[in-house]
Amino acid sequence: MAVLSSSVIDNIKKWKILKLLRFSVSISSLIALVLGLTITALLFSAIRRIEYNQQKFEFKRSAELRLQAVNEGVEDAISGLRSVNQLFVTAGLVSREQFRVFVQPMLERYPYIQAFNFHRLISDAERPAYESEMRKRFPGFSVTEIRDGKMVPAGTRPVYRVVDYIEPMQGNEKAFGFDSLSYSFQNAAIKRATETGLPAATGLLRLMQEKNTQQGVIIIMPVYRSGSVPKSAAARREAVIGDTAAVFRAGDMIEKILISRGFLPSPDSGISVYAGDTPDPANVVFRYDDGAVPHRMPSIWPAWLWYDNLDNVSGRIAVAGTQWHMVVSATPVLFMQNHKGSLYVLLSGILLSILTAAYVYALVSRQATIERVTTERTAALQLANSCLSKDIAQRINTEKFLRLRERVIDASANAIIIINSTPDYVIEYVNPAFERITGYSSAEVLGRSLNLLKGNYRDQQNTEAIRAALREKREGHTVLRTYRKDGTMYWNEMHLSPVRNDAGEVSHFVVAQYDITEAKRHEAELEFQATHDVLTGLANRNLLRDRLSLAIADSEHFGHSVWVLFVDLDRFNVVNDTLGHMAGDKILKTIARRLQSTASEVDTVARLGGDEFALVLAGRIDEGLVVGVIHRIITTIAQPLTFEEHEFSLNCSIGVAVCPTDGRDPDTLIKHADIAMYRAKDLGSNSFQFYTQTMNERTLDRFHMERDLRNALDRGQFVLHYQPQVNLHSGHITGMEALLRWQHPRLGLLPPSHFIGLAEETGLIIQIGAWVVHTACSQNKAWQQAGYGNLVVAVNLSPRQFMQKDLVQSVAAVLEQTGLSAEHLEIELTESLVMTDIDHAIGIMHDFRKLGVKLSVDDFGTGYSSLSYLKRLPLNVLKIDQSFIRDVTLDPDDAEIVQSIISLAHNLRLHVIAEGVENQEQLAFLQGRGCDSMQGFYVSHPVTADLFTEILRERKCLPSPIEVPYGLVS
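Values in this document were obtained by computation on a predicted structure and should not be read as measured data.

We now examine the overall build of the chain. The number of helices and strands found in the chain is 31 helices and 35 strands. When burial is assessed residue by residue, the chain has 43% of its 970 residues classed as buried. Sequence separation of 24 or more characterises 62% of the internal contacts of the chain that already satisfy a separation of 6 or more. Surface exposure of the chain reaches about 50,700 Å², of which carbon and sulfur atoms provide 55%.

With that settled, the discussion passes to the nonpolar core. Leu 709, Trp 783, Leu 825, Phe 848, Val 898 and Leu 926 are the most contacted members of the largest nonpolar core, which totals 80 residues. Per-element tally for this core: the top contributor is helix H22 (residues 765-785), with seven residues. Setting aside anything within four residues of it in sequence, one finds Trp 783 in contact with Tyr 722, Met 736, Tyr 788, Leu 791, Ala 945, Phe 948, Thr 949 and Leu 952. In this structure, Leu 81, Phe 248, Ile 271 and Val 313 belong to the second largest nonpolar core, which totals 53 residues.

A cluster of nonpolar side chains, namely Leu 37, Ile 350 and Ile 354, defines an oily patch on the protein surface of about 220 Å² accessible area. With respect to the helices and strands, the residue Ile 350 is situated in helix H8 (residues 341-362). Residue classification places Ile 350 among the partly exposed residues on the basis of a relative accessible area of 32%.

What follows concerns the confidence of the model for the chain. Per-chain confidence: the chain averages 81 in pLDDT, with 83% of residues scoring 70 or above. Across residues 959-970 the pLDDT falls below 50, and counting only partners more than four positions away or on other chains, this stretch makes 25 contacts in the model.

Glancing now at the sheet that holds strand E10 (residues 284-288). Here four strands make up an open sheet; going across it, the order is E10-E9-E13-E12 and the pairing antiparallel. Either end of the sheet is taken by a strand with one partner, and the two such strands are E10 and strand E12 (313-319). In this sheet, neighbouring strand axes are inclined to one another by 15° on average, regardless of whether the strands run parallel or antiparallel. Bridging between strand E9 (residues 269-274) and strand E13 (residues 322-330) involves six bridges; their strand directions are antiparallel. If you follow Ser 272 over to E13, its bridge partner there is Val 327. Running over the sheet, helix H6 (residues 250-260) touches E9, E10 and E13 and is turned about 40° from E10.

Below, the discussion takes up the sheet that holds strand E25 (residues 652-659). Spatially, E21-E22-E20-E25-E26 is the arrangement adopted by the five strands of the open sheet, whose pairing is mixed. Here the strands that pair on one side only, and so sit at the sheet edges, are strand E21 (604-609) and strand E26 (687-690). On average, adjacent strands in this sheet sit at an angle of 20° to one another, irrespective of strand direction. Here seven bridges tie strand E20 (residues 562-569) to strand E22 (residues 612-618), and the two strands are oriented antiparallel to one another. In the strand pairing of E22, Trp 563 is matched with Leu 617. Seen against the sheet, helix H15 (residues 541-558) touches E20, E21, E22 and E25 and runs at an angle of roughly 140° to E21.

As a further point, take the pattern of salt bridges. Oppositely charged side chains can pair when the atoms bearing their charge come close. A full pass over the atoms with the stated rule returns 22 salt bridges. Between Lys 681 and Asp 568 there is a salt bridge; the shortest N-O distance is 2.8 Å. Within this pair, whereas Lys 681 is found in helix H19 (residues 666-683), its partner Asp 568 is found in strand E20, the two being separated by 113 residues in sequence. In this structure Asp 568 comes out as buried when scored by relative accessible area, which is 7%. Among the salt bridges present, the one from Glu 915 reaches Lys 879, with a minimum N-O distance of 3.2 Å. In this pair, Glu 915 is assigned in strand E34 (residues 911-915) and Lys 879 in strand E33 (residues 877-880), connecting sequence segments 36 residues apart.

The geometry of two aromatic rings is summed up by the distance between their centres and the angle between their planes. A full pass over the atoms with the stated rule returns 19 aromatic pairs. Plain terms: the ring middles of Phe 88 and Phe 118 are 4.6 Å apart, the flat faces sit at 20° to each other, and that makes the pair stacked. Separated by 30 residues along the polypeptide, Phe 88 in helix H1 (residues 2-91) and Phe 118 in strand E1 (residues 113-123) bring together distant segments of the chain.

Another aspect to go through is the packing of helix H24 (residues 807-818) against helix H26 (residues 838-851). Orientation of H24 relative to H26, taken along the N-to-C sense of each, is 25°, at an axis distance of 10 Å. Judged by the angle between their axes, H24 and H26 are roughly parallel. In this structure, H24 crosses over H26, and the sense of that crossing is right-handed. Touching Leu 807, Val 808, Val 811, Ala 812 and Leu 815 of H24 are Ile 844, Asp 847, Phe 848 and Leu 851, all from H26. Classifying every residue of the contact of H24 with H26 gives eight nonpolar, no polar and one charged.

This part takes up helix H31 (residues 945-954). Of the positions making up H31, those classed as buried are Ala 945, Phe 948, Thr 949, Ile 951 and Leu 952. Here the buried residues of H31 occupy an arc of 160° about the axis, which is enough to place them on one side. Along H31, exposed side chains directed more than 90 degrees from the buried face belong to Asp 946 and Arg 953. Backbone geometry just after H31 places Arg 955 at a positive phi near 50°.

Rules behind the numbers
- Residues numbered from 1 in each chain as written.
- Predicted model: local features only at pLDDT ≥ 70, side-chain atom pairs only at ≥ 80, totals over all residues.
- Heavy atoms only, no water.
- Helix = DSSP H or I, 4+ residues; strand = E, 2+ residues; numbered from the N terminus.
- Buried < 20%, exposed > 50% of the residue type's maximum accessible area, 1.4 Å probe, protein only.
- Contact = heavy atoms within 4.5 Å.
- Areas by Shrake-Rupley, 256 points an atom, 1.4 Å probe, with all protein chains shown as cover.
- Core = buried A, V, L, I, M, F, W, Y, C linked by side-chain atoms within 4.5 Å.
- Patch = residues over 30% accessible without salt bridge, like charges linked within 9 Å, V, L, I, M, F, W, Y side chains within 5 Å.
- Salt bridge = Lys/Arg side-chain N within 4 Å of Asp/Glu carboxyl O.
- pLDDT = per-residue confidence, 0-100.
- Pairing = 2+ DSSP bridges.
- Axes fitted to C-alpha atoms, helices over the stretch in contact; angles between N-to-C directions.
- Phe/Tyr/Trp six-rings, centres within 6.5 Å; stacked < 30°, edge-to-face > 60°.
- Parallel < 35°, antiparallel > 145°, perpendicular 65-115°, else oblique.
- Left-handed = near helix turned anticlockwise from the far one by under 90°.
- Nonpolar A, V, L, I, M, F, W, Y, C, P; charged D, E, K, R; others polar.
- Arc of directions from axis to C-beta.

Okay, here's the thing in structure tokens:
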């Protein structure tokens, strides 16, 4: 019993000691845990503060970007009004139709503009006449004002500011005719705009056209009397005749601007805009807010610790002389949504503290753990002995799988190499794809070092990635330009993967090679096509703009000039029309090579499209050097070209713009060079012009004329005048020449010299010429049916018309449609037109003769025709130019020339018509020399079809001249 009691006591003591030890270890682990959590909390707080400050900075920068975007968008919208106002400054008081056409694109570009207006100032004395004139087009029209909430006729006052033009009219009918001076809300803005000449904005107002609650703002710009440039406020008030105005839906404008810049929708911020210097809720223009309520932690915690509660950012928006207020607010979010660093520190610290405490606590039970592990390992050995048979079966299955994997590697289309991890990297295996791709057999490489293939990787920049992966025994990847055994090159995408043994050590590497040659070639083609012209191989517009941007940046840094040359081939369309587009493409390639030969290595030659090219000459400070290059370009292009035994020459026109004088960005320089090129074309072929500011005005005039010309045919503005042709033997009218006129709505009746050149250049001459032929044939057929005899109508063809491939077929179709016999139509060709390409001209003329149409050469004697060619031309009529007839009775040389032409024509069995006969002496001379027919002012000026009908009705021989206005003279 004594021994038993002693044993029990010892066990009790041991248990108490063990319990005390465990308690001590638990206290230590708890202290470690508390200390770790304290350090974690301090570190988390510091990093969280840094993140919060960074978030404040980023939010402020983002808010400033939104403010800048709104300012730029508002200014861009106001620029639309400036353009409308500039239309009145440039063209004076434009028509209602011109106003509608001009503002239509701007309404589409700025959908938040309710309307563009033109307010006309009229006095009380002018009001009755104005309303009467307007009622002719708008029945019931009256100058109105708002009285007691209703639109009523305006009361009597000295001056009215009437909404005269408004676009779009639909939806804005209420505002049409409204007297804005009756609406005192706008008067301050009107006064400010009138006295400054600048845009002025009203305050917020309820738009009479708006159906919902959205408010708007009206921006006004004055229109002064044409030709006046008032310098003072008093002079401006005296000169003002009205104003242009744009009605903006203010909220829509701010919203569209923010959406177009990508700032809406914005779940992390709100935006409010107020019409005024302060954020007054009564003047709110726009508001976007997701409705989030700021989260507030208990006062014991700093506000920035758990949530991002950022201060609002405010700024001002300039709106046509007024200031608006914009506030950007941030949505409070939990810190972990935007800041991962402090969260990772917090979680890592907590986890590390727990692990440290657990480690301390684990020390107390280490012995028990050792005993438990010993028991478990013994059991594991017993289990291993029982599963030995299963392992053997599994090994057999593994060997089968390995053999299958080997067959898969052998069948791979990509090269596979297995090397060991020794410093020599000996090759132990290559698959058949390696032999096929590289040309090396397995016998040539097995057992040898991977360094054997170093020669394959010559001239490489990125082999270090593979070498580093081998040294560091990790995966690697690179793309190499590799060479086969026969020396041919192919692109190789190489992947390197380490293979570890049972001990976890790298024993081998697997190298996989993928042949990506075709993909690389396709990639290079796509890159080239994105930056170069496909036909000529020159730089395209995108690459030109990039290189020009670099040249401009260099010029700003080094202080030298950049020269932009815009080159356009003269009359290149004739090549396409006559020889076809295949010839045109070949010629463009030749021109491209010639342009490259004139440029230096640092210059850029680009094709912009069609027959337009551009050159960027960088670093040439001396203007004389640039002029030398231009002359070299003109001379080089003018060298003869040959295509299918056709030899011809091309000329060019060149426009020059200089940076920084003519612009500081690529688009401006290219545009100004283009304008200068058109000026060079106007001055004649084979010339060049430097850009000047006045060319912009000519370009605008040209734009207006071209726009009007494109609409003239559809609007029936072209008319034909007819000048009689009289037979000098019988004295009777036997035909007439059809002469084109343009009844321009603003410029009046225009002769062909004012617009035919532009029609030729734009290609509109084709449609206009077809109309002329059809109209002349129809009118001649009408005269014949009226019993005025078998008259012949002569129609002039332009060079571009003459080059049409289906010209003869189209004329035949007109004759069939109008019922006019071919022998009653005469086609007039100029001497220079025929001699441009004599063989082609003769072919077309023979086709006309087969059709039965008569042919004549106009202005004979003024060109450079050859008599040897003249006898080959299938002509019916020869017309003597009026420059020889003018002094035929005064200048013996002119008399001899006319006599010679008449004799030559008669010898060639041609009918002779003398142009420009103005008096009896000239008529007598021609009758005495046997001239066949004449036309000129002595008989009649060119007249309308109605007046020509009266001439035919009188049936007189050589009647007295018919008096017509001077503007009708050919």
